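Topology and contacts: notes
Chain residues, written in single-letter form:
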Amino acid sequence: MYRFREGFYSDVRMEERFTTSIRYRNGVLEESRQSTVKKAFIRVYDGKMWYYASTYRLSAVQDELDKLYAMATPDENIGESPVVKRLQANRETVIKFAGKCVRNVSIEQKRKLLEDKFSAAQSSEYVRMFVGLYSDRYSVYEFCSSKGADIKYDMQLCGARISLALANGGDNFTDAEGSTSDSFDKLAAEFTADKIKDFAAELENFLLHAKPVQAGVYPVILSPVAAGVFAHESFGHKSEADFMLGDETMKREWTLGKKVGADMLSIYDSGAEDGSGYVPFDDEGTRAQKTYLIKNGVLTGRLHSAETAADLDEGTTGNARALNCEFEPIVRMTSTVIEAGSTPAEELFSRVKHGYFIKSYKHGSGMSTFTIAPNRAYEIVDGKIGAPAKIAVISGNVFETLDLIDGLSDKTEIISGIFGGCGKNEQFPLNVSFGGPYVSVSKINIQ
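Now for a description of the structure that goes with this document. Just so you know, these numbers come straight off a predicted model, no measurement behind them.

**What about the sheet that holds strand 12 (residues 298–299)?**
- The sheet built from 6 strands is open, its strands ordered 12-11-10-15-26-23 with mixed pairing. Only two strands of the sheet have a single neighbouring strand rather than two, namely strand 12 and strand 23 (413–415).
- Pairing of strand 10 (residues 267–270) with strand 11 (residues 290–295), which is carried by 4 bridges, proceeds in the antiparallel orientation. Across the sheet, isoleucine 267 pairs through a bridge with isoleucine 294, a residue of strand 11.
- Where helix 7 (residues 224–236) meets the sheet, its contacts fall on strand 10, strand 11, strand 12, strand 15 (335–338), strand 23 and strand 26 (433–436), and the angle it forms with strand 26 comes to roughly 120°.

In structure tokens form, the structure reads like this:
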């Protein structure tokens, strides 16, 4: 297909991306558009430096390759480079979604999916504004390299969401409810008017009855979505190996084999999971694999590109990802998941004399110390979920909190999303997913 030159490693990544974006505010259509974009990203490596180019003109890929070769210096031993040795030469086609492609669903059907929820969105008298969003994406990727890689695969996501803003005098409360799926039919079955009506009733209850907590240290149960964002923000990012390049302190802190959490705790990352983290091959052509970051409380792995794997003398993991064909691949998460335990969720709650249940969140962040700002939280009293609670943040030391986990429910939920995503450097928003079981932590700082 392309004339790859001797003395270099080269690869070409192409994507054809179809997207839909629909937005209503208070029932008024503000945006309704669809687009298809094709683009290519080209790389050349001479053993010392990477050379990049990006183009919308797919007919110009060979010309861009030749320009990069002219800037680079050939190396007759390029195949012995530790980076190049780690790059895979997979040859496979994985087309999963062509038969249920969202581009075959009319934009009128997509708008109606939102419009049918407008009545439910206004079911509370305290709703002052509602926003309905629909988004979808269908991409076909192709990847080939000078090592002989020849890959083609597709991915698909579609999602709908209703955001509600409620007010009562000077009190306000805002949150969003939605669904994301890999097919429009499944999305339509999950995103129902009853779901939005129940959501509006829950927000009304929060608006009218939530009370501020007294700051202190309490036992906490994290919902699967809260547990997932905790794993993603407080641990997943630090598992991205490019954070360790040139940082000896970080390397010592994250020595493999180190005990970092409770014996029951295992966290993994995998691009093979269905959902918004699905990436059967990363953007260097490496096959997805399940990488345990923590196994039975012990630090067992980290996430790699070929370059970071070579630097740390480890194997690739399928985590070299780019936002699109305008960017070079960097180390990113895919689906980051806390594995389930063996305890029914009801039993976890029954063990808590007085604490809090974190159901949803506004945002989270963390490296050595994590912070999560809850949106909906509830008091737990004598093992039962009680009144809604206003919590500004929960926080703690990451490793200390991992060691304080004292219960995991017996079912894991992986949360997908198409609105927003993960940000790193200038590449935002990248589709990822995260999740876990209900997670019981014996004590967390609450403010």
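**Digging into helix 3 (residues 107–115)**
- Listed in full, the buried residues belonging to helix 3 are Ile107, Lys110, Arg111, Leu113 and Leu114. Down the axis of helix 3, the buried side of the element spans an arc of 150°, and every buried residue falls inside it.
- If you follow the buried residues of helix 3, they end up packed against strand 1 (9–25), strand 2 (28–45), helix 4 (118–121), strand 5 (127–145), strand 6 (150–168) and helix 5 (184–190).

**Regarding the pairing of strand 20 (residues 384–390)**
- With 2 bridges connecting them, strand 8 (residues 211–212) and strand 20 associate as parallel partners. Looking at the pairing, proline 212 lines up with lysine 390 of strand 20.
- Of the pairings in the sheet, the one linking strand 19 (residues 377–381) to strand 20 comprises 4 bridges and is antiparallel in character. Counterpart to alanine 377 in the pairing with strand 20 is alanine 389.
- Connecting strand 19 to the next strand, strand 20, in antiparallel fashion are 2 residues, including aspartate 382 with a positive phi near 50°.

**Comments concerning the nonpolar core**
- Core analysis: the biggest nonpolar cluster contains 63 residues, and Tyr9, Leu114, Tyr134, Leu164 and Phe191 have the highest contact counts within it.
- The biggest single contributor to this core is strand 6, with 9 residues.
- Leaving out residues up to four positions away in the same chain, phenylalanine 191 has contacts with Leu113, Leu114, Lys117, Ala160, Arg161, Ile162, Glu177, Gly178, Ser179 and Ile196.
- Membership of the second largest hydrophobic core comes to 44 residues, among which are Leu222, Trp254, Phe370 and Ile444.

**Some details on unusual backbone geometry**
- The amide bond that connects phenylalanine 428 to the next residue, proline 429, takes the cis arrangement and shows omega of 0°.
- Within the secondary structure, proline 429 sits in strand 25 (residues 427–430).
- For asparagine 26, which is not a glycine, the phi torsion comes out positive at approximately 50°.
- Relative to the helices and strands, asparagine 26 resides in the loop between strand 1 and strand 2.
- Positive phi values are uncommon outside glycine, yet asparagine 296 reaches one of about 55°.
- Tracing the sequence through the fold places asparagine 296 in the loop between strand 11 and strand 12.

Reading guide: rules and limits
Residues numbered from 1 in each chain as written. Predicted model: local features only at pLDDT ≥ 70, side-chain atom pairs only at ≥ 80, totals over all residues. Heavy atoms only, no water. Pairing = 2+ DSSP bridges. Helix = DSSP H or I, 4+ residues; strand = E, 2+ residues; numbered from the N terminus. Contact = heavy atoms within 4.5 Å. Axes fitted to C-alpha atoms, helices over the stretch in contact; angles between N-to-C directions. Buried < 20%, exposed > 50% of the residue type's maximum accessible area, 1.4 Å probe, protein only. Arc of directions from axis to C-beta. Core = buried A, V, L, I, M, F, W, Y, C linked by side-chain atoms within 4.5 Å.

Shape descriptors only; they carry no functional weight alone.
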